[in-house]
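Each chain, written out:
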Amino acid sequence: MNFNFDPNFVDNLYEFKKKAYKEHKLCSLFFEVTSRCNARCEHCGSSCGDFIPKDEITKEEMIGVLDDLAEHYDPTRIMLNITGGEPLVKKDLFEIMDHANKLGFPWGMTTNGFLVDEKVVKKMEETNMKTVSVSIDGPKELHESFRKVPGGWDKLVKGIKLMQKCPTIIDLQVTTCVNKKNIDLLEDIYQVILDLGVDDWRLIEVDPIGRAKGNDELLLDGNDYKRMLEFIFKKRKENPNIRFKYGCGHFLGNDLDIALMGQCYFCFTGYWAASVLSNGDVFGCPDIERRPELIQGNIRDRKFSDIWENEFKLYRKIDRTSNKKCKSCDDWKSCLGDAFHTWDWDENKPNFCVRELFKEDYDKRDALVEKYLKTMERLRKEEKAKKGVKNKKNKL
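Criteria and thresholds
- Throughout this description, residue numbers start from 1 for each chain and increase along the sequence as written.
- Owing to the predicted nature of the model, reporting of local features is limited to residues with pLDDT of at least 70; listing and counting of side-chain atom pairs is limited to 80 or more, with chain, interface and lining totals taken over all residues.
- The side-chain figures draw on all heavy atoms in the structure; neither hydrogens nor water molecules are used.
- Think of it this way: any DSSP run of H or I at least four residues long counts as a helix, any run of E at least two long counts as a strand, and we number them from the N terminus.
- Relative accessible area decides the class of each residue, using a 1.4 Å probe on protein chains only: under 20% of the type maximum gives buried, over 50% gives exposed, and in between gives partly exposed.
- Should any heavy atoms of two residues lie within 4.5 Å, those residues are considered in contact.
- Note on areas: Shrake-Rupley with a 1.4 Å probe; residue coverage comes only from the protein chains shown.
- At least two bridges found by DSSP between two strands is the condition for calling them paired.
- The angle between two axes is taken between their N-to-C directions and runs from 0 to 180 degrees, where each axis is a line fitted to C-alpha atoms and a helix contributes only its stretch in contact.
- These descriptions rest on fixed angle ranges, namely under 35 degrees for roughly parallel, over 145 for roughly antiparallel, 65 to 115 for roughly perpendicular, and the rest for oblique.
- When the near helix sits turned anticlockwise from the far one by under a right angle, the crossing is termed left-handed; a clockwise turn instead gives a right-handed crossing.
- Amino acids are sorted into nonpolar (Ala, Val, Leu, Ile, Met, Phe, Trp, Tyr, Cys and Pro), charged (Asp, Glu, Lys and Arg) and polar (every other residue, Gly among them).
- Salt bridges are identified by distance alone: a Lys or Arg side-chain nitrogen within 4 Å of an Asp or Glu carboxyl oxygen.
- For each structure, a 1 Å grid was placed over the protein atoms alone; sets of points admitting a 1.4 Å probe that cannot get out are labelled cavities, open sets with protein on both sides within 12 Å along at least five of seven lines are labelled pockets, and lining residues have an atom within 4 Å of a point.
- Grid points are joined across faces, edges and corners, and a volume is the space filled by probe spheres set on the points.
- The definition of a nonpolar core used throughout is a set of buried Ala, Val, Leu, Ile, Met, Phe, Trp, Tyr and Cys residues joined through side-chain atoms within 4.5 Å.

Q: Before we go on, may I ask you to explain the overall build of the protein chain in this structure?
A: Each helix and strand in the protein chain was counted, giving 14 helices and 12 strands. By the burial criterion, 53% of the 396 residues in the protein chain qualify as buried. Intrachain contacts of the protein chain at a sequence separation of at least 6 include 72% that bridge at least 24 residues. Summed over its atoms, the accessible surface of the protein chain is roughly 19200 Å², and 50% of this surface lies on carbon and sulfur atoms.

Q: What is the right way to look at the sheet that holds strand β2 (residues 79-83) in this model?
A: For sheets, the rule is that strands pair by backbone hydrogen bonds, running either parallel or antiparallel. Here we have 10 strands laid out as an open sheet, ordered β7-β6-β5-β4-β3-β2-β1-β8-β9-β10, and mixed in their pairing. Each of the sheet's edge strands pairs with one partner strand only, and the pair in question is β7 (243-246) and β10 (297-298). Two strands pair when backbone bridges link them, and strand β6 (residues 200-205) and β7 are joined in this way by 4 bridges, in the parallel orientation. Counterpart to Asp200 in the pairing with β7 is Arg243.

Q: For this particular structure, what's the right way to read the packing of helix α7 (residues 186-196) against helix α8 (residues 222-238)?
A: Between two packed helices, the angle of one axis relative to the other and the distance separating the axes together describe the packing. The contact between α7 and α8 brings their axes to 12 Å, and the two run at 40°. With respect to each other, α7 and α8 are oriented oblique. You can see that α7 and α8 cross each other, and the crossing is right-handed. Along its contact with α7, which presents Leu186, Glu187 and Tyr190, the element α8 presents Phe231, Lys234 and Lys235. Residues of the contact of α7 with α8, tallied by class, amount to 3 nonpolar, no polar and 3 charged.

Q: Where do I start with the pattern of salt bridges in this structure?
A: Pairs may arise between side chains of opposite charge once their charged atoms sit close together. Within this structure, the stated rule accounts for 29 salt bridges. Among the ionic pairs, Asp98 bridges to Lys102, the shortest N-O distance being 3.1 Å. In this pair, Asp98 and Lys102 are both assigned in helix α3 (residues 93-103), 4 residues apart and thus about one turn of the helix distant. The partner of Lys180 in a salt bridge is Asp224, with the nearest N and O atoms 2.6 Å apart.

Q: Just checking my understanding: could you explain empty space enclosed by the protein for this structure?
A: Take a probe with the size of a water molecule and roll it over the atoms, and the empty space left behind shows itself. Under the definition given, this model contains 1 cavity of 30 Å³ or more. Volume-wise, the largest cavity comes out at about 50 Å³. Lining the largest cavity are Lys17, Tyr21, Tyr265, Phe266, Cys267, Arg320, Thr321, Cys335, Leu336 and Asp338. In terms of residue class, the lining of the largest cavity is built from 6 nonpolar, 1 polar and 3 charged.

Q: Before we go on, may I ask you to explain the side chain of His24 in this structure?
A: The residue His24 is located in the loop between α1 (9-23) and β1 (28-32) in this model. A relative accessible area of 16% places His24 in the buried class. The residues touching His24, leaving out its near neighbours within four places in the chain, are Tyr271, Trp308, Glu309 and Arg316.

Q: Got a minute to help me understand the nonpolar core in this structure?
A: The nonpolar side chains of a soluble globular protein tend to be buried, and buried together. Membership of the largest hydrophobic core comes to 106 residues, with the highest contact counts inside it found for Phe31, Leu80, Met124, Trp201, Tyr225 and Phe304. Ignoring sequence-local partners within four residues, the contact set of Leu80 consists of Leu29, Leu66, Met97, Ala100, Phe105, Pro106, Trp107 and Gly108.

Q: What is the right way to look at the layout of surface pockets in this model?
A: In this structure, the second largest pocket spans a volume of roughly 650 Å³. Around the second largest pocket sit 28 residues that line it, and Asn351, Phe352, Cys353, Val354 and Glu356 are the ones nearest its centre. Contributing elements (two or more residues each) for the lining of the second largest pocket: α8, α11 (324-327), α12 (332-335), β12 (349-350) and α13 (354-358). Here the lining of the second largest pocket takes 4 residues from α13, the largest share from any one element. Across the lining of the second largest pocket, the residue classes tally to 15 nonpolar, 4 polar and 9 charged.

Written as structure tokens, this is what we have:
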């Protein structure tokens with residue numbers, strides 16, 4: 001490998017994670033403002049629909065959480081991630097976000113884009129929305145079929161183009177949930193990205209949660225995964241003007257994680273990140289299975305700050321997702337049982353394991369890293385040579 005890790009690298013990484021669990025500095029809060037949605041996505045981790053739950057969190061309750069956060073923490077250092085359902089079906093959303101903005105919170109939104117129009121973009125600007133993530137899961141026909149929204153494609157494209165003109169949005173990201181139905185169409189989706197002028201594209205696998213759990217028509221196998229990663233590396237080489245991202249995903253090995261994400265894998269839930277669900281429950285990340293023992297309280301009964309400081313004990317254990325097999329694995333100190341949201345609590349095992357995914361080809365994934373690093377080194381040398389020639393011409 002070209003990564004020459006310090007002999008103590010893994011142990012130091014493990015100690016760093018232990019310290020992070022102990023300090024639990026809130027950096028990211030997911031606000032699930034509604035579980036209602038105008039789409040019926042096949043892979044939805046929350047199985048959202050068009051029903052209106054009686055216990056949906058109100059504007060006043062959300063503002064109360066924001067006031068509590070601003071009182072106890074520095075709001076400028078906590079990113080609010082607005083999710084759903086589809087956040088834009090909540091009629092008073094921008095009244096809430098106007099209050100958040102005035103308190104100093106940076107915020108962004110995940111949306112399917114179908115409801116974005118000129119009026120919505122104007123409100124985004126007025127409330128100082130900084131980031132937005134929009135999903136594109138295939139070319140027009142596949143995307144509409146996958147999202148169960150006939151005629152939604154044109155609305156999505158219009159919404160993206162409108163948001164690209166919003167002066168407060170510093171990052172418009174397209175996210176593609178890679179699955180067996182679109183793994184052969186990544187080049188076609190790439191062309192859509194080019195046509196839209198998007199410069200931030202995140203690819204992430206469909207996880208075995210929500211509607212996708214146990215759905216072999218969607219879930220990737222080891223070969224599919226390899227193809228997805230090779231596609232990301234290939235496109236980074238071909239087009240440096242687009243940020244091709246993976247994640248936050250799963251542990252794939254320290255070398256591959258650094259090559260893909262620029263850092264080692266780290267599941268932040270419960271110590272850097274939390275969520276307030278649409279019924280007021282305080283939780284880890286929204287994609288986690290909503291089991292009673294994982295819910296830490298409710299903002300209708302206690303202040304969020306009180307729950308954050310005094311609960312989340314399970315989340316902050318270094319071996320929170322572990323079993324005998326995991327702890328005896330060579331990757332344990334780096335992986336720690338992989339992602340919290342795909343841990344099988346009934347069987348006490350990970351639903352995703354990189355070693356089981358690649359099996360006998362596990363060590364062969366190193367070739368992906370080697371190929372990528374050699375390519376990037378060559379590109380750096382070429383760029384340096386170009387600058388050298390340019391500087392000589394300028395001197396002349």
